[in-house]
Amino acid sequence: MVQGSGPDKVDIKATTQRGVCVANAPDYIAETVADHVMALILAHYRNIVRGDRYVREGRWISGVPNRSRVER
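Residues numbered from 1 in each chain as written. Predicted model: local features only at pLDDT ≥ 70, side-chain atom pairs only at ≥ 80, totals over all residues. Heavy atoms only, no water.

What follows concerns unusual backbone geometry. Look at asparagine 47: it is not a glycine, yet its phi comes out positive at around 55°. If you trace the backbone, asparagine 47 turns up in the loop between helix 2 (30–45) and helix 3 (48–56). Residue class for asparagine 47 comes out partly exposed when judged on its relative accessible area of 26%. (Helix = DSSP H or I, 4+ residues; strand = E, 2+ residues; numbered from the N terminus. Buried < 20%, exposed > 50% of the residue type's maximum accessible area, 1.4 Å probe, protein only.)

On to the side chain of threonine 15, then. Positionally, threonine 15 belongs in helix 1 (residues 12–17). Residue classification places threonine 15 among the buried positions, given a relative accessible area of 15%. In contact with threonine 15, not counting residues within four places along its chain, are Val10, Val20 and Val22. (Contact = heavy atoms within 4.5 Å.)

Per the counting criterion, the structure on display carries 2 salt bridges. Arginine 56 is the partner of aspartate 52 in a salt bridge, and the nearest nitrogen-oxygen pair spans 2.8 Å. Placement of both aspartate 52 and arginine 56 in helix 3 is noted, with a separation of 4 residues, approximately one turn of the helix. Relative accessible area serves as the criterion here: at 36%, aspartate 52 is assigned to the partly exposed category. Among the residues examined, arginine 56 registers a relative accessible area of 69% and is labelled exposed. (Salt bridge = Lys/Arg side-chain N within 4 Å of Asp/Glu carboxyl O.)

Another point: the confidence of the model for the chain. Per-residue confidence for the chain gives a mean pLDDT of 81, with 74% of residues at or over 70. Averaged over each element, pLDDT in the chain is lowest for helix 3 (89) and highest for helix 2 (93). (pLDDT = per-residue confidence, 0-100.)

Okay, structure coming up:
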């Protein structure tokens, strides 16, 4: 598996001989990736996953949970 966003690590000659098409689409999903990264950053710093688990496990009593009661 080749990881990257361009064809710089792909042996173009070998792929052509095998009938594999290699394409490069710069900036194709750059905005979508940036949005996703920002969402993950916010989810991390706002403890979204931990809060979701807290509610789904029925540990939500009422109102806003006291931060000291939320397991870290």
